[in-house]
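Take a look at the letters that make up each chain.
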Amino acid sequence: MAYDKFNTLKSSIVPLPIENVDTDQIIPARFLKATERKGFGDNLFRDWRYNPDNTPKEDFVLNQDKYAGKILVGGKNFGSGSSREHAAWSVYDYGFRCVVSSFFADIFRNNCLNVGVLPVQVSPEFLEKIYTETEKDPKAQVEVSLPEQTITIVGTGEKESFDINVYKKDNMLNGFDDIDYLLNIKEEITAFAENTPL
Amino acid sequence: MKTLFDKVWDSHVVRKIENGPDVLFIDRHMVHEVTSPVAFLGLKSRNIGVKHPEKTFATADHNTPTINQHLPVKDPLSAKQLKALEENSNAYGISYWGLGHEKNGIVHVVGPEYGITQPGATIVCGDSHTSTHGAFGAIAFGIGTSEVEMVLATQCIMQPKPKSMRINVVGNLSKGVTPKDVALYIISQLTTSGATGYFVEYAGDVFKNMSMEGRMTVCNLSIEMGARGGMIAPDEKTLDYVKGREFTPTGAAWDKAKAYWDTLYTEENATFDKELTFKGEDIEPMITYGTNPGMGMGIGRDIPTAESLEGGVATYKKSLQYMAFNEGDSMIGKPIDFVFLGSCTNGRIEDFRAFTEIIKGKQKAPNVTAWLVPGSHKVEAAIKEEGLLDILTAAGFELREPGCSACLAMNDDKVPTGKYAVSTSNRNFEGRQGPGSRTLLASPLVAAAAAVTGKVTDPRELL
Ligand code: SF4
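Residue indices follow the written sequence of each chain, beginning from 1 at its first position. Just so you know, chain letters begin at A and ligand numbers begin at 1, following the order they were written in. For a predicted model such as this one, the threshold for reporting local features is a pLDDT of at least 70, and the threshold for listing and counting side-chain atom pairs is 80 or more; totals across whole chains, interfaces and linings nevertheless cover every residue. Hydrogens and waters are ignored; side-chain quantities use all the structure's heavy atoms.

### Here we look at the nonpolar core
Step number 1: Phe45(A) and Phe355(B) are the most contacted members of the largest nonpolar core, which totals 204 residues.
Step number 2: Any two residues whose heavy atoms approach within 4.5 Å at even a single point are treated as in contact. Ignoring anything within four residues of it in the chain, the contact list for Phe355(B) reads Val339(B), Leu341(B), Leu372(B), Leu392(B), Phe397(B), Pro444(B), Ala447(B), Ala448(B) and Ala451(B).
Step number 3: Among the buried residues, those of types Ala, Val, Leu, Ile, Met, Phe, Trp, Tyr and Cys that are joined through side-chain atoms within 4.5 Å form a nonpolar core. For every residue, the accessible area (1.4 Å probe, protein chains only) is compared with the maximum for its type, and the residue is labelled buried under 20%, exposed over 50%, or partly exposed between those bounds. By size, the runner-up hydrophobic cluster in this structure holds 8 residues, among which are Phe338(B), Phe340(B), Val415(B) and Ala421(B).

The structure is reproduced here in structure tokens:
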């Protein structure tokens, strides 16, 4: 599915300083019954965000007006657990375009890249700096530049670079997905398939 | 010098992209109802078909009831999702083992049972526990829905080659220690992110001596330490298991496949990016006390204090608070409410044998609700044939129909808020088994001991 191109993004952030946030928290299994990719943002972090009677939990960050933005900043080992791409869809559908953490689970990172959410891995120290800055000023801006592969805390000018492979970077900059690439080499794949042992 | 993983991976690379991922050819694609509908919609909107329907297999498991499967599915959303899988499978000529089909069951249980899973194959599925199939020396891993669409459309996926790790468990296992305990032990040592970025090979006597079912349990849990997957080199046991199954090659095709399978081992001087060794004797029956599978310990130990652990104290405390446990608590004797025997981790015949071994001649504790859910109809049939059902019934247990059930609680098998479940599944995340549910992951033996005593009990006392 095509997604918006990603170039640079300047935004305040939503801090979620919890480690090992798993995809069951990002989107609980009972919301996976859909047959279309629609409306997942409403249930992002459902059980942390709402009480069983559907009233919002005041202390959860998505329910606090002072925090808003297109960048979600999570703790170490973000996105562990299930392979459900619904987790990345929920993040995207809610309005995030970038997730920052000091460590990502593999499948979640892949899923993000496939749906147009940029995963930015920073050092634990830099992660702390972002949190500190946001604590001082909830509207503190962070700027992510994909062409430069940098993330900057705008107020202090502190900056770190992040990794992304050239191929994926190109895809994100242009809003391409892997299927386009694979469909273009279909003949090569067909020839390969004829010689597989199984 | 190549590793087992290198051999299988490299022989499936269609094209290498410089500074990018490899284009990897996929031999087997397993599909289920939850992660596929949007992928099929994608095919439709691109107006393309399924490239290799004969390499694609669909089964309904995640979102299915485990009682009254002969009746129409009540929940309209679930019914719609199941219908979508059936229609998509029919439209593209994919074999479909829906609810009520004799081959129906959990995707990672039926794959091996029917010989879809083979050594040296690349296998993917939109479910992270696809790593199960690594037990056969396959490269098997979970993928997201975009990737499901890619594989449907092109039979390929784009992945950077993971780093390699070998985990050796040497020596022997003690009485009452099962493959589940081996896996939970390794995860507790590595943490849930300790193998992120790696593909693991399990080696050493403990795995050599393990049954195929046990190997599946171990490989299944690879994802819980963050690994892309785990695999075990095929041996005689593997080939014996595979031989004669419906989708296993025969005749000349078998010979050709076997010639390939015989090459699948790690060469002696091959090196790994990381190598770890554990002793079988150090492993005890395990139980988890927190909200990720890495928070596990020998069942007789006390819950560690936050200060004794590395890393996020706040996250650790939050986790114990959710479980309503305290640092320093002993797990033994904690009352429990539910027992779940099943899932792609422990829903095979061997697991039911282990469970029955403990409960035989005893009675289910009155405070316990037990869900015993076979991984497939084949497992269900074996339970009946081997006389295990009679033992279960005599002890006050009932058998349900196959499916994922309380492993992810998408159907009605939900553990209520605040209740404790000893579960043989693979995840104890907050709310995994139903909103507010509290899960203790353990082996079928520990689950059985809890089921008859109504509390956390060391199974060695009952063996
Ligand atoms: S039993 Fe659980 S882990 Fe296994 S396939 Fe089903 S939902 Fe996934």
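### What to know about the sheet that holds strand β6 (residues 122–125) of chain B
Within a sheet, adjacent strands bond to each other through the backbone by hydrogen bonds, running parallel or antiparallel.
All names here are of chain B.
Step number 1: Across the sheet, 5 strands lie side by side as β5-β4-β3-β6-β7; this open sheet has parallel pairing. On the outer flanks of this sheet lie β5 (95–97) and β7 (139–142), each paired with one strand and no other. Each neighbouring strand pair of the sheet contributes to a mean axis angle of 20 degrees, computed without reference to strand direction.
Step number 2: Strand pairing is assigned whenever DSSP identifies at least 2 bridges connecting the two strands. Under the scheme used here, helices are H or I runs from DSSP no shorter than 4 residues and strands are E runs no shorter than 2 residues, and both carry numbers assigned from the N terminus. As defined by bridge partners, strand β3 (residues 28–31) adjoins strand β4 (residues 56–59) across 3 bridges and the pair is classed as parallel. Pairing of His-29 across the sheet is with Thr-56, part of β4. Axes, fitted as lines to C-alpha atoms, cover a helix only where it is in contact. Angles between the N-to-C directions of the axes lie from 0 to 180 degrees.

### Observations regarding unusual backbone geometry
Residue and element names in this part refer to chain A.
Step number 1: The backbone phi angle of Asn-20 is positive, close to 55 degrees, even though this residue is not glycine.
Step number 2: The residue Phe-45 is not glycine, and still its phi comes out positive at about 55 degrees.
Step number 3: Relative to the elements of secondary structure, Phe-45 occurs in the loop between α1 (23–26) and α2 (46–49).
Step number 4: On the basis of relative accessibility, which here comes to 1%, the residue Phe-45 falls in the buried class.

### Some details on helix α8 (residues 212–220) of chain B
Structurally, the α-helix is built with 3.6 residues per turn, so residues lying three or four positions apart point the same way.
Step number 1: Counting buried positions along α8(B) yields 9 of 9 residues, so the element is predominantly enclosed.
Step number 2: Listed in full, the buried residues belonging to α8(B) are Met212(B), Glu213(B), Gly214(B), Arg215(B), Met216(B), Thr217(B), Val218(B), Cys219(B) and Asn220(B).

### Brief notes about the sheet that holds strand β16 (residues 369–372) of chain B
Residues and elements named next belong to chain B.
Step number 1: The strand order across the open sheet built from 4 strands is β16-β15-β17-β18, with neighbouring strands paired in parallel fashion. Each edge of the sheet is formed by a strand with only one pairing partner; in this case those strands are β16 and β18 (438–441). In this sheet, adjacent strand axes meet at a mean angle of 20 degrees when their direction is disregarded.
Step number 2: Both strand β17 (residues 420–423) and β18 contribute to a ladder of 4 bridges, which runs parallel. Residue pairing in the sheet places Ala-421 in a bridge with Thr-439 of β18.

### Structural notes on the pairing of strand β6 (residues 150–153) of chain A
Residue and element names in this part refer to chain A.
Step number 1: Of the two faces of β6, the one holding Thr-150 and Thr-152 and the one holding Ile-151 and Ile-153 are both buried throughout.
Step number 2: Where strand β5 (residues 141–145) and β6 come together, 4 bridges link them in antiparallel fashion. What sits directly across from Ser-145, in β6, is Thr-150.
Step number 3: Hairpin connection between β5 and β6: a loop of 4 residues separates the two successive antiparallel strands, and Gln-149 in this loop has a positive phi of roughly 55 degrees.
Step number 4: The pairing of β6 with strand β7 (residues 159–161) spans 3 bridges and is antiparallel. Across the sheet, the residue bridging to Ile-151 is Glu-160, located in β7.

### Comments concerning the interface of chain B and chain A
Frequently, the measure chosen for interface size is the accessible area removed from exposure when the parts meet.
Step number 1: Counting residues at the interface gives 73 residues for chain B, matched by 55 residues for chain A.
Step number 2: Throughout, buried area stands for the accessible area (probe radius 1.4 Å) lost by two parts on being put together, summed over both. Together chain B and chain A conceal approximately 5300 Å² of surface at their shared face, both sides included; 60% is due to carbon and sulfur atoms.
Step number 3: For the chain B face of the interface with chain A, the top three residues by lost area are Arg15(B), Arg46(B) and Met158(B), together amounting to 10%.
Step number 4: Any Lys or Arg side-chain nitrogen found within 4 Å of a carboxyl oxygen on Asp or Glu counts as a salt bridge. Across the chain B-chain A interface, the total number found is 5 salt bridges.
Step number 5: Polar contact is the term for a pair of N or O atoms within 3.5 Å; when the atoms are in protein, one must be able to donate a hydrogen and the other to accept it, and sequence-neighboring residues count only if both atoms are side-chain atoms. Where chain B touches chain A, the interface holds 24 residue pairs in polar contact (both at pLDDT 80 or more).
Step number 6: Residue assignment for the side of chain B that touches chain A shows that the elements contributing at least two residues are β1 (13–16), β2 (22–25), α2 (37–46), α3 (76–92), α5 (145–154), β8 (156–159), α10 (251–261) and α11 (313–323) of chain B.
Step number 7: At 7 residues, α5(B) tops the list of elements feeding residues into the side of chain B that touches chain A.

### Overview of the confidence of the model for chain B
Step number 1: Averaged over all residues, the pLDDT of chain B equals 97, while 100% of them reach at least 70.
Step number 2: Note on the complex model: pTM 0.96, ipTM 0.92. Confidence of the predictor at the level of single residues is given by pLDDT, which spans 0 to 100.

### Details of the packing of helix α4 (residues 106–115) of chain A against α5(B)
Step number 1: Orientation of α4(A) relative to α5(B), taken along the N-to-C sense of each, is 75 degrees, at an axis distance of 8 Å. For the element pair α4(A) / α5(B), the angle class is roughly perpendicular. Facing Asn110(A), Asn111(A), Asn114(A) and Val115(A) of α4(A), the residues of α5(B) in contact are Ser146(B), Glu147(B) and Met150(B).
Step number 2: Charged means Asp, Glu, Lys or Arg here, nonpolar means Ala, Val, Leu, Ile, Met, Phe, Trp, Tyr, Cys or Pro, and polar covers whatever is left, Gly included. Its residues placed into classes, the contact of α4(A) with α5(B) shows 2 nonpolar, 4 polar and 1 charged. Angular relationships are summarised with four words: roughly parallel below 35 degrees, roughly antiparallel beyond 145, roughly perpendicular across 65 to 115, and oblique for the angles in between.

### Details of the pattern of salt bridges
Step number 1: Enumeration over the complete set of coordinates arrives at 31 salt bridges over all chains.
Step number 2: The closest approach of N and O atoms between Lys33(A) and Asp75(B), which form a salt bridge, is 3.3 Å. Placement of the pair is Lys33(A) in the loop between α1 and α2 and Asp75(B) in the loop between β4 and α3, with the two residues belonging to separate chains.
Step number 3: Across the pair Lys161(B) and Asp6(B) runs a salt bridge whose closest N-O atoms are separated by 2.9 Å.

### Description of the environment of Ala354(B)
Residues and elements named next belong to chain B.
Step number 1: By the secondary structure assignment, Ala-354 is in helix α13 (residues 349–359).
Step number 2: For the pair Ala-354 and Gly-176, spaced 178 residues apart in sequence, the C-alpha separation works out to 9.5 Å.
Step number 3: Beyond its immediate sequence surroundings of up to four residues, Ala-354 is in contact with Pro-444 and Leu-445.

### Some points on the packing of aromatic side chains
Step number 1: Any Phe, Tyr or Trp ring, taking Trp's six-membered ring, that has another such ring centre within 6.5 Å forms a pair; planes under 30 degrees apart are called stacked, those over 60 apart edge-to-face, and the others tilted. For the coordinates displayed, the defined rule picks out 22 aromatic pairs over all chains.
Step number 2: Residues Tyr167(A) and Tyr181(A) carry aromatic rings whose centres are separated by 5.4 Å and whose planes lie at 85 degrees to one another, so their mutual orientation is edge-to-face. Of this pair, Tyr167(A) sits in helix α6 (residues 166–174) while Tyr181(A) sits in helix α7 (residues 178–184); the two residues are 14 residues apart in sequence, bridging distant segments of the chain.
Step number 3: For Tyr181(A), a relative accessible area of 21% translates into the label partly exposed.
Step number 4: Seen in terms of ring centroids, Phe136(B) and Tyr241(B) are 5.2 Å apart; in terms of plane orientation they differ by 65 degrees. Their pairing is edge-to-face. Note that Phe136(B) is positioned in the loop between β6 and β7 and Tyr241(B) in helix α9 (residues 236–242), a separation of 105 residues in sequence. When sorted by exposure, Phe136(B) lands in the same class as Tyr241(B), which is buried.

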